[in-house]
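Working through the structure, step by step
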Number of protein chains: 2
Amino acid sequence: MLHTLVSDYQATINAFLKGQNFGEQPTELYEPIRYILGLGGKRMRPLLTLMAHHIYKDLDHSAVAVAAGVEVFHNFSLLHDDIMDNAPMRRGQPTVHEKWDANVAILSGDVMLVRAYQLMMQVPDHNLRTILGRFSEVAAQVCEGQQWDMNFEGYKEISKEHYLEMIKLKTAVLLGFALEMGAVTANANEADRAILNEVGIKAGLGFQLMDDLLDVYGEADKFGKMVGGDIVANKKTFLLLEALTLAKDTPLEAELDFWLNYKGEDKVEKVRIVTAIYNTFGVKETTEALISQYFQEAMVALSSLNVQHPERKLPLMKLLVQLMSRES
Amino acid sequence: MLHTLVSDYQATINAFLKGQNFGEQPTELYEPIRYILGLGGKRMRPLLTLMAHHIYKDLDHSAVAVAAGVEVFHNFSLLHDDIMDNAPMRRGQPTVHEKWDANVAILSGDVMLVRAYQLMMQVPDHNLRTILGRFSEVAAQVCEGQQWDMNFEGYKEISKEHYLEMIKLKTAVLLGFALEMGAVTANANEADRAILNEVGIKAGLGFQLMDDLLDVYGEADKFGKMVGGDIVANKKTFLLLEALTLAKDTPLEAELDFWLNYKGEDKVEKVRIVTAIYNTFGVKETTEALISQYFQEAMVALSSLNVQHPERKLPLMKLLVQLMSRES
């Protein structure tokens, strides 16, 4: 299989996922797995695995199975995170704990984690221990990231470093793992594996910061959810942390504090004023600069990859550019 | 290490678990793991692995690591089941979701499942795929059993076959797996692995039915929890299903139905009368006969195991006898 278009890679993953028999009975356990995987999404993580593999070799069964395992793991984490975050909707549809109940979402999630391991096991013996070992490390890190994220809700102050460490664990390490697995399933050398992991981590940090940014500065018609949702929820994003730091000991400190403790109904006004405070401190530009820095580091790392057919890096490079310039 | 006493095996497991570094930060993620593993318990499942391994060989690292993995997996399932069952106490102490909250219990449980895989991976390459493959199958079955158990709460009728299938999935397959892993880590042949799996499944069925029985007919001072708790909660145990079947079209059908729908406060009276109905239909004797049948089948299977040192089966045989005659 030789792919150049993102949609070709997506079709490969979707066909593979559709062909999986995750289980039948009891239906409460297995129907939610088909449901959440059926909600679609960009399949960004498995795309990364396939594109990285493709730098070295044409796609084979083990690359596609591991890519699918990464996607199943990601959806397991969504299932459980959505319970913890009390999220009613996911990709425009009710979340599993809303459509069924929290117990179903816990247990279906558990079995998805097991199925992710089973997909990761569909590799030759010489890669089995590496892949499962790295997967286990990364899976635990993703849990750590989610726990830090929940802890942050109750913290008064969070350093920039701690915030970046949280999004690294919660989001970036899985993107790094996804790219690394492309190299591992292609039997690339250790150095290449490490570089691709680095590419994914940097891109993941940029990707998550872009999420924070778009929530405030995205265009409503392209973004797909309410602009300013994070501000309304007092979510401790990079933008808010930056504004809190810069507002310290200025007249805007009290103003920001007032809106963070605001219990009234006028959400539009809250979003308007907090955004204005962000603007005063140039938070948008600071965030954009950091995003751009991470994506450039990712690109530099990818460029440094010394491979036989450098032109085969192109689909991945294009994807990184797309991620960096996304509007939703 | 040559063990003969149950307490020696328990000490081996407890020392190994205590030496594990499950993780440090964030503490909300890792402290609950140490907490639940620290609550103790009989360590029955890892005992089974060690005793089965011991039939063939002295204990080695891989046997102890896999045994510990079984125990960590079992405790993962307790963490998540306790949320679903809304259980306030476990081994006389608050459950994790009570002591922390449900989110912490979900996420710590998730990371315990990952840690169980990591423990299972501490085996030589030639056993890695077998162990992780079987573990994944069994882990999914345990989830299926828990989902059936929850479904049963809403069912009006449950056949005896369906009930036995549920307890097989929820409890017995893990005991079968635990014994099988003793054989696998000792590099025993396929036939022996299958026999030990069978021993565990039969013992597990007997063990779970014994649980149902002791809840009604256990002696309060030995049982450790309130006798009749299942009756008060209308839990669909083997005893209740048997009584419902036998009461059909008899004058006691309405009486049983009345107490199942009873919303009053007199729990003692409810337990007294439902127990009397059980007695009328000889439910105690039927259950005892089935338990005894399963344990005998387990013993016969274990006896059929053709090994070099049959006397090495003794600790396991003694444990099975203990499980069969337990009073709590």
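All values reported here derive from a predicted model rather than from experimental measurement.

1. So, the overall build of chain A
The number of helices and strands found in chain A is 16 helices and two strands. Its C-alpha radius of gyration of 20 Å places chain A within 12% of the 20 Å reference for a compact globule of 328 residues. Taken over the C-alpha atoms alone, chain A extends approximately 60 × 50 × 35 Å along its principal axes. By the burial criterion, 48% of the 328 residues in chain A qualify as buried. Considering only contacts within chain A whose residues lie at least 6 apart along the sequence, 72% involve residues at least 24 apart.

2. Some thoughts on the relation of the copies chain B and chain A
The two copies are related by a screw motion: chain B maps onto chain A through a turn of 180 degrees and a shift of 0.0 Å along the axis, at an RMSD of 0.0 Å. Classification of the inter-copy transformation places it as that of a two-fold axis. A symmetric contact is evident, with 100% of the interface residues of chain B recurring at the interface of chain A.

3. Focus: the packing of helix α6 (residues 102-120) of chain A against helix α4 (residues 61-84) of chain B
With their axes 9 Å apart at the nearest point, α6(A) and α4(B) run at an angle of 160 degrees to one another. The angle between the axes of α6(A) and α4(B) places the two elements in the roughly antiparallel class. Considering how the two elements wind past one another, α6(A) and α4(B) form a crossing that is left-handed. Contacts from N103(A), I106(A) and D110(A) in α6(A) reach H80(B), I83(B) and M84(B) in α4(B). A breakdown of the residues in the contact of α6(A) with α4(B) according to their chemical character gives three nonpolar, two polar and one charged.

4. Some points on the environment of D221(B)
All names here are of chain B. In this fold, D221 is placed in helix α10 (residues 220-223). A residue is classified by how many C-beta atoms lie within 10 Å of it, and D221, with 9 of them, is exposed. Along the primary structure D221 and S328 are separated by 107 residues, whereas in three dimensions their C-alpha atoms are 9.3 Å apart.

5. Things to note about the interface of chain B and chain A
Facing the 32 residues of chain B at the interface are 32 residues of chain A. Every element with two or more residues in the side of chain B that touches chain A is listed here: α2 (27-38), α4, α6 (102-120) and α7 (125-152) of chain B. Looking at the side of chain B that touches chain A element by element, the count peaks at 15 residues for α7(B). Of the residues belonging to the side of chain B that touches chain A, the class tally is 18 nonpolar, nine polar and five charged.

6. Overview of the nonpolar core
Counting 196 residues, the largest nonpolar core has V66(A), A116(A), M120(A), V66(B), A116(B) and M120(B) as the members making the most contacts within it. Every residue in contact with M120(B), bar those within four places of it in the chain, is listed here: V66(B), G69(B), I131(B), L132(B) and F135(B).

7. A closer look at the confidence of the model for chain A
Overall, the predicted model of chain A reaches an average pLDDT of 95, with 98% of residues at or above 70. In the predicted complex, the global pTM is 0.97; the interface-specific ipTM is 0.96.

8. Structural notes on helix α9 (residues 190-217) of chain B
In a regular helix each residue adds 1.5 Å, so 28 residues correspond to 40 Å; α9(B) covers 40 Å between its end C-alpha atoms and thus fits that length. Summarising burial for α9(B): 20 of the 28 residues are buried, a large majority.

9. Section: the packing of α9(B) against helix α15 (residues 283-304) of chain B
Residue and element names in this part refer to chain B. Two elements in contact, α9 and α15, have axes separated by 8 Å at closest approach and are oriented at 160 degrees. Compared by their axis directions, α9 and α15 come out roughly antiparallel. Here α9 runs over α15; the crossing is left-handed. Every residue of α15 that contacts α9 at I195, E198, V199, K202, A203, L205, G206, L209, M210, D212, L213 and Y217 is listed here: K284, T287, E288, L290, I291, Y294, F295, E297, A298, A301, L302 and S304. The residue inventory of the contact of α9 with α15, partitioned by class, reads 15 nonpolar, three polar and six charged.

10. Brief notes about unusual backbone geometry
Residue P26(A) is bonded to the preceding Q25(A) through a cis peptide linkage, with omega at -5 degrees. A positive phi angle is found at R43(B), which is not glycine, with a value near 60 degrees. Among the structural elements, R43(B) can be located in the loop between α2 and α3 (44-56). The exposure class of R43(B) is buried, given the 23 C-beta atoms found within 10 Å. Of note in this structure, D249(B) is not a glycine but carries a positive phi near 60 degrees. Note on placement: D249(B) falls in the loop between α12 (238-247) and α13 (252-260).

11. Describing the environment of Y35(B)
Structurally, Y35(B) is set in helix α2. With 58 residues separating them in the primary sequence, Y35(B) and Q93(B) have C-alpha atoms 9.9 Å apart.

12. Observations concerning the environment of E198(A)
Residue and element names in this part refer to chain A. Residue placement: E198 occurs in helix α9 (residues 190-217). Overall, the presence of 19 C-beta atoms within 10 Å leaves E198 in the partly exposed class. Sequence spacing of E198 and V216 is 18 residues, and the spatial spacing of their C-alpha atoms is 28 Å. Apart from residues no more than four positions distant in its own chain, E198 is found in contact with G176 and A301.

Parameters and conventions
- Residues numbered from 1 in each chain as written.
- Chains lettered and ligands numbered in written order.
- Predicted model: local features only at pLDDT ≥ 70, side-chain atom pairs only at ≥ 80, totals over all residues.
- Helix = DSSP H or I, 4+ residues; strand = E, 2+ residues; numbered from the N terminus.
- Rg over C-alpha atoms; globule rule 2.2 N^0.38 Å.
- Buried ≥ 20, exposed ≤ 12 C-beta atoms within 10 Å, placed from the backbone.
- Contact = placed C-beta atoms within 7 Å.
- Least-squares fit on C-alpha atoms with pLDDT ≥ 70 in both.
- Axes fitted to C-alpha atoms, helices over the stretch in contact; angles between N-to-C directions.
- Parallel < 35°, antiparallel > 145°, perpendicular 65-115°, else oblique.
- Left-handed = near helix turned anticlockwise from the far one by under 90°.
- Nonpolar A, V, L, I, M, F, W, Y, C, P; charged D, E, K, R; others polar.
- Core = buried A, V, L, I, M, F, W, Y, C linked by C-beta atoms within 7 Å.
- pLDDT = per-residue confidence, 0-100.
- Expected span 1.5 Å × (residues − 1).

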